[in-house]
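# Observations on chain architecture
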Amino acid sequence: MSASPTKLNRRFSIAPMLDWSDRHCRFFWRQLTRQALLYTEMVTTGALLHGDRDRFLNFNAEEHPVALQLGGSDAVDLARCAKWAQEWGYDEVNLNCGCPSDRVQSGMFGACLMVAPQRVADGVKAMRDACELPVTVKHRIGIDDMESYQELIDFISPIAEAGCEVFIVHARKAWLQGLSPKENREIPPLNYPWVYQLKRDLPHLEIIINGGIKSLAECQDHLQHVDGVMIGREAYQNPWMLAEVDSSLYGMDKTVQSRDDVIAGLLPYVADQLEGGAHLNHITRHILGLYQGVPGARKFRRHLSENAYKQQAGLEVLTEAHRLVQEATAYAEARNRQPSANEFSAH
């Protein structure tokens, strides 16, 4: 049996998002919040067993605390991957039981595992036996014809008995037939009361709520009922909201004071990654929303979108995009300071 799991503060976390939450993105987020728990994209056990393990598992030390999310259902494979997660230095390993894509179903992992709770429990036990990391599960409130709260309890119970103490609950059902993954994030109705009820009925478990949460004010409301909140798309599309996480949810000093400070923190990282052979757009695609709502935001996005993908794109593309937004902001501030004609006539 593994050692008792290390206690992580899961009050606020950023969801695993396929094609989005890669290591460049996580380094960017870490400029905005030191406290949030970050998750990798889902990595399949097959990719780790048969692919380029270094490429899938390497991350920057600055990303801590960071969790590896696995996709898979074979207990032996999951155990091997959990052991690697510990060896690579992750803070948690998470099993995906919530992704509804066809590719995931054909591999017997993701949301379709909600009809196989004992299989999930066996996988969790094998992972816990193989490593000393906390082993957690992310899942939906049900799939397809699962209609009752009791069925949700029936899914969680054997997994908790296998030693899982943390459940991250996306408060929507997943329809594996008839809805695309994108539609499954938006169409099934949110059912937050069921997640709150889980915490009341299973107070010994750590329950994290996920799904449709768009503001830190909403996070505060949810935290009256559950142990933690996980945000996904909103954190990606409006990343500046993360600058308030440390102060608003943890009572700690803000990590960063301005968007310009974020760029300053990124520049050495970008230079280092470019020197190592990375493409600029693989990094800058994640920061397009940084200046959302600020004068010049469109110029910032456009300059990066039109230039960062070019083969020889270097650091100057990012510094020029930054200059454009600074120039637009300064111009807007100057205009705001100018007295209007009405003010002149009043005198």
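Residues numbered from 1 in each chain as written. Predicted model: local features only at pLDDT ≥ 70, side-chain atom pairs only at ≥ 80, totals over all residues. Heavy atoms only, no water.

### A look at helix H15 (residues 297–307)
This is how the line gets drawn: Relative accessibility decides the category of a residue: with a 1.4 Å probe and only protein chains considered, values under 20% of the type maximum give buried, values over 50% give exposed, and everything between is partly exposed. Note on conventions: DSSP H or I runs of at least 4 residues are helices, E runs of at least 2 residues are strands, and numbering of each starts at the N terminus. This arc is built from the directions going out from the helix axis to the C-beta atoms.
Among the residues of H15, Ala297, Phe300, His303, Leu304 and Asn307 are the ones counted as buried. One side of H15 holds all its buried residues, which, seen down the axis, span an arc of 140°.

### Here's the deal with the confidence of the model for the protein chain
Condition: Summary of the metric used: pLDDT quantifies the predictor's per-residue confidence within the range 0 to 100. Two residues qualify as a contact provided that any one of their heavy atoms is within 4.5 Å of a heavy atom in the partner residue.
Here the protein chain shows a mean pLDDT of 93. Residues at 70 or above account for 94%. Confidence drops under a pLDDT of 50 for residues 1–6, and excluding neighbours within four residues, the segment shows 12 contacts in the predicted structure.

### Notes on the pattern of salt bridges
The condition that has to hold: We count a salt bridge whenever a side-chain nitrogen from Lys or Arg sits within 4 Å of a carboxyl oxygen from Asp or Glu.
Applying the stated criterion across every chain yields a total of 14 salt bridges. The salt bridge involving arginine 285 is made with aspartate 22; its shortest N-O contact spans 3.3 Å. Here arginine 285, found in the loop between helix H14 (280–284) and H15, pairs with aspartate 22, found in the loop between strand S1 (12–14) and helix H1 (23–32); they are 263 residues apart in sequence, far enough to count as distant. Arginine 285 sits in the partly exposed class, given a relative accessible area of 33%. For aspartate 22, a relative accessible area of 15% puts it in the buried group.

### Description of the layout of surface pockets
To find leftover empty space, a probe the size of one water molecule is rolled over the atoms. This is how it is decided: The pocket and cavity definitions rest on a 1 Å grid over protein atoms only: a 1.4 Å probe that fits but cannot leave marks a cavity, an open set with protein on both sides within 12 Å along at least five of seven lines marks a pocket, and residues lining either have an atom within 4 Å of a point. Grid points are joined across faces, edges and corners, and a volume is the space filled by probe spheres set on the points. Just so you know the grouping, Ala, Val, Leu, Ile, Met, Phe, Trp, Tyr, Cys and Pro go in nonpolar, Asp, Glu, Lys and Arg go in charged, and all remaining residues, Gly too, go in polar.
Of the volumes computed, that of the largest pocket is approximately 720 Å³. As for the largest pocket, its lining consists of 31 residues, and the residues nearest its centre are Pro16, Met17, Leu18, Lys138 and Arg185. Looking at the lining of the largest pocket, the elements with two or more residues in it are strand S5 (135–143), strand S6 (166–174), strand S8 (228–231) and helix H11 (233–237). In the lining of the largest pocket, the residues fall into 12 nonpolar, 11 polar and 8 charged. The volume enclosed by the second largest pocket comes to roughly 570 Å³.

### Regarding the sheet that holds strand S4 (residues 92–97)
Convention followed: Paired strands are those between which DSSP finds at least two bridges. Lines are fitted to the C-alpha atoms to define the axes, a helix being fitted only along its stretch in contact, and any angle between axes, read from their N-to-C directions, falls within 0 to 180 degrees.
Strand order in the closed barrel formed by 8 strands is S1-S2-S3-S4-S5-S6-S7-S8, and the pairing between neighbours is parallel. The sheet shows a mean angle of 30° between the axes of neighbouring strands, direction not considered. Sheet topology note: the S4/S5 ladder contains 5 bridges and is parallel. Along S5, the bridge assignment pairs asparagine 96 with lysine 138. Relative to the sheet, helix H4 (residues 75–88) contacts strand S3 (66–71) and S4, its axis offset from that of S3 by approximately 165°. Lying over the sheet, helix H9 (residues 192–201) contacts S5, S6 and strand S7 (206–210), oriented at roughly 170° with respect to S7.

### Concerning the pairing of S6
We count it as follows: Here the term right-handed applies to a crossover when the path leading from its first strand over the helix to its second strand runs clockwise, the strands being oriented away from the viewer.
In terms of burial, S6 is largely enclosed, as 9 of its 9 residues are buried. With 6 bridges connecting them, S5 and S6 associate as parallel partners. Within the sheet, the bridge partner assigned to histidine 139 lies in S6 and is valine 169. Taken together, S5, helix H7 (residues 149–161) and S6 form a β-α-β motif whose crossover is right-handed. Where S6 meets S7, 5 bridges bridge the pair, whose relative direction is parallel. Residue pairing in the sheet places phenylalanine 167 in a bridge with isoleucine 207 of S7.

### Some thoughts on a positive patch on the surface
To keep things clear, this is the line we draw: Exposure above 30% relative accessible area and the absence of a salt bridge qualify a residue for a patch, where like charges join within 9 Å and nonpolar side chains (Val, Leu, Ile, Met, Phe, Trp, Tyr) within 5 Å. Using a 1.4 Å probe, the Shrake-Rupley method yields the accessible areas, and only the shown protein chains count as cover for residues. Counting rule for charge: Lys and Arg are taken as positive, Asp and Glu as negative, and neither His nor the chain ends is counted. Charged side chains are reduced to one point each, which is NZ for Lys, CZ for Arg, CG for Asp and CD for Glu.
A cluster of basic side chains, namely Arg298, Lys299, Arg301 and Arg302, defines a positive patch on the protein surface. Here arginine 298 is to be found in helix H15.

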